[in-house]
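Coordinate inspection notes
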Amino acid sequence: MGALGLALFSALSWGTADFFGGLTTRRFGILLVGVVSQTAGLVLTGSFIVIGGSPMPDAHGLWFGVAAGVCAVIGLGSLYQGLAVGPMSVVAPITALEVVVPVTVGFVRGDRPSAIQIAGIAVGVIGVVLASRETAADADATAPRIRGVVYGVVAAVFLGLLVTFLNEAGKESAPWAVFTLRLVSVPVFLVAVLITRGWRGRHPSRGDTATMVGVGLLDNLANVTFALAGQTGLLALISVVGALYPVATVLLAWTVLKERLTGSQWVGVAMAFVGVALIATG
């Protein structure tokens with residue numbers, strides 16, 4: 001499987017994990033979901049390292065892994081919270097614009113976006129505005145929608161930084177890059193849930209716990225495959241393919257939760273995806 005195939009697999013895994021992560025966050029809160037899912041991911045990537053005998057990278061790779069971990073806490077926390085409080089089919093496309101971050105990083109490093117890529121960024125921003133518009137029919141849901149949009153924007157920024165740092169950290173070892181990321185995120189979520197006693201009054205069943213574990217496994221599998229894709233693929237290209245993950249989230253929200261959008265909101269969702277595609281083809 002080539003770099004683009006790995007990135008596409010990451011997108012499908014991320015999108016599925018995000019849907020179920022947002023769904024369980026609605027019931028049990030971001031901290032409890034974060035602890036269980038992130039711990040599951042830590043165990044998974046640790047197993048990869050032990051079984052595969054992957055050598056520890058140098059300080060450069062480890063520090064980028066730490067930076068990715070900080071961004072993961074903020075980005076994933078904002079994403080799951082946004083999916084929990086707002087319409088998934090609106091929040092998910094907004095986070096797809098995280099691709100702007102690695103493109104911007106490339107610009108700072110000397111890359112120059114083409115006219116098509118600039119057009120893609122513009123189309124994507126317009127799509128965000130349309131997708132988050134309030135209609136008369138959902139006026140009573142204005143506050144949740146706005147909160148969802150805000151969380152989506154924050155998630156887009158930090159998830160964009162996450163994939164940028166993850167790409168750099170994974171140059172030497174993809175499993176170690178993700179393992180280092182989780183060594184940062186797991187203690188943060190654990191301390192937060194202990195301080196707030198986020199488990200009180202929440203009694204997940206075995207099925208709910210299994211879902212949270214599955215979220216962590218899918219998310220970390222996606223991280224590893226994306227880091228592997230970064231070893232042979234260009235960041236500007238694989239990051240755009242990876243940014244298609246909201247397609248899976250939106251389709252699951254549409255089919256499972258029966259979420260419905262107005263015509264203009266569907267146009268906005270489509271424009272957000274078209275913007276991503278234009279950035280890729282540019």
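Look up a bit, the structure's there.
Residues numbered from 1 in each chain as written. Predicted model: local features only at pLDDT ≥ 70, side-chain atom pairs only at ≥ 80, totals over all residues. Heavy atoms only, no water.

1. Considerations on the overall build of the protein chain
The following threshold applies: Secondary structure elements follow DSSP: runs of H or I of four or more residues count as helices, runs of E of two or more count as strands, with numbering from the N terminus. Note on exposure labels: buried denotes an accessible area under 20% of the residue type's maximum, exposed denotes more than 50%, and partly exposed covers the range between, all computed with a 1.4 Å probe on protein chains only. Here, residues are in contact when the closest pair of their heavy atoms is within 4.5 Å. Note on areas: Shrake-Rupley with a 1.4 Å probe; residue coverage comes only from the protein chains shown.
Scanning the protein chain for helices and strands turns up 12 helices and zero strands. Helices and strands in the protein chain line up, N terminus first, as α-α-α-α-α-α-α-α-α-α-α-α. Every one of the 282 residues in the protein chain was classed for burial, and the buried ones make up 51%. Long-range contacts, defined as pairs at least 24 residues apart, comprise 91% of the intrachain contacts of the protein chain with a sequence gap of at least 6. Summed over all atoms, the accessible surface of the protein chain reaches about 11900 Å², with 73% contributed by carbon and sulfur.

2. Notes on the side chain of T25
Condition: Under this definition, polar contacts are N or O atom pairs within 3.5 Å; protein pairs additionally need one hydrogen-donor-capable and one acceptor-capable atom, and for neighbouring residues in sequence, both atoms have to be side-chain atoms.
Mapping T25 onto the fold places it in helix 1 (residues 3-28). T25 gets classed as buried once you look at its relative accessible area, which sits at 5%. From its side chain, T25 meets the backbone oxygen of G21 in a polar contact 2.7 Å long. T25 has contacts with I30, V33, Y80, Q81 and A84, leaving out every residue within four places of it along the chain.

3. As for the packing of helix 2 (residues 30-52) against helix 3 (residues 59-85)
To characterise two packed helices, one gives the angle between the axes of the helices and the distance between these axes. We count it as follows: Each axis is a line fitted through C-alpha atoms, taken for helices only over the stretch in contact, and angles between the N-to-C directions span 0 to 180 degrees. Each angle is binned into one of four classes, with values under 35 degrees roughly parallel, values over 145 roughly antiparallel, values of 65 to 115 roughly perpendicular, and all other values oblique. Less than a right angle of anticlockwise turn of the near helix away from the far helix marks a crossing as left-handed, whereas a clockwise turn marks it as right-handed. Side-chain classes are defined by residue name, with Ala, Val, Leu, Ile, Met, Phe, Trp, Tyr, Cys and Pro counting as nonpolar, Asp, Glu, Lys and Arg as charged, and the others, Gly among them, as polar.
Between helix 2 and helix 3, the least distance of the axes is 10 Å, while the angle of their chain directions is 125°. When the axis of helix 2 is compared with that of helix 3, the two are oblique. As for how helix 2 packs across helix 3, the hand of that crossing is right-handed. Seen from helix 2, the contacting residues are I30, V33 and Q38; seen from helix 3, they are L76, G77, Y80 and Q81. By residue class, the composition of the contact of helix 2 with helix 3 is four nonpolar, three polar and no charged.

4. A word on empty space enclosed by the protein
Cut-off, in case you're wondering: Cavity and pocket criteria rest on a 1 Å grid covering protein atoms alone: a 1.4 Å probe that fits but cannot get out defines a cavity, protein on both sides within 12 Å along at least 5 of 7 lines defines an open pocket, and an atom within 4 Å of a point defines a lining residue. Grid points are joined across faces, edges and corners, and a volume is the space filled by probe spheres set on the points.
In total, this model carries one cavity of 30 Å³ or more according to the counting rule given. The space that makes up the largest cavity amounts to roughly 110 Å³. Around the largest cavity, the lining residues are W14, D18, L76, L79, E98, L159, L162, V163, D219, N223 and Y245. Among the secondary structure elements, those contributing two or more residues to the lining of the largest cavity are helix 1, helix 3, helix 7 (142-169) and helix 9 (206-230). Among the elements that line the lining of the largest cavity, the one with the most residues is helix 7, at three residues. Here the residues of the lining of the largest cavity are counted per class, giving seven nonpolar, one polar and three charged.

5. So, the packing of aromatic side chains
The way to describe two aromatic rings as a pair is by their centre distance and the angle between their planes. Stated precisely, the cut-off is as follows: Whether two aromatic rings pair depends on their centres lying within 6.5 Å, for rings of Phe, Tyr and Trp, where Trp uses its six-membered ring; planes under 30 degrees apart make the pair stacked, over 60 edge-to-face, and the rest tilted.
Enumeration over the complete set of coordinates arrives at six aromatic pairs. With a centroid separation of 5.0 Å and 85° between ring planes, the pair formed by F19 and F20 is classed as edge-to-face. For F19, a relative accessible area of 0% puts it in the buried group. Taking the centre distance of 6.1 Å and the plane angle of 80° together, the rings of W254 and W266 count as edge-to-face. Taken together, the positions of W254 in helix 11 (residues 246-256) and W266 in helix 12 (residues 263-281) put the pair 12 residues apart, joining distant regions of the chain. By relative accessible area, W266 is classed as partly exposed at 33%. Taken together through their ring pairs, the aromatic side chains of W14, F226 and Y245 make up a single cluster.

6. Brief notes about the nonpolar core
One broad trend across soluble globular proteins is that nonpolar side chains are buried collectively. Using the following cut-off: In this text, buried Ala, Val, Leu, Ile, Met, Phe, Trp, Tyr and Cys residues form a nonpolar core when linked through side-chain atoms within 4.5 Å.
Formed by 45 residues in total, the largest nonpolar core has its most connected members in L79, Y80, L159, L162 and L166. Filtering out sequence-adjacent residues up to four positions away, L166 remains in contact with A68, A177, V178, L181, N223, F226 and A227.

7. Let's talk about the side chain of D208
Here D208 shows up in helix 9. Judged by relative accessible area, D208 falls into the buried class, the value being 11%. In this structure D208 touches R27 and F28, once residues within four positions along its chain are discounted.

8. So, the pattern of salt bridges
It is possible for side chains bearing opposite charge to pair when their charged atoms get close. What counts is decided by this rule: The working definition used for a salt bridge is a side-chain nitrogen of Lys or Arg within 4 Å of a carboxyl oxygen of Asp or Glu.
Within the structure shown, the criterion is met by two salt bridges. Two residues, D208 and R27, come together in a salt bridge whose shortest N-O distance is 3.0 Å. With D208 in helix 9 and R27 in helix 1, the pair connects residues that are 181 residues apart, well separated along the chain. Here D219 makes a salt bridge to R182, at a shortest N to O gap of 2.4 Å. Highlighted residues: D219 in helix 9 and R182 in helix 8 (residues 174-196), separated in sequence by 37 residues. When its relative accessible area of 3% is taken as the criterion, D219 is described as buried.

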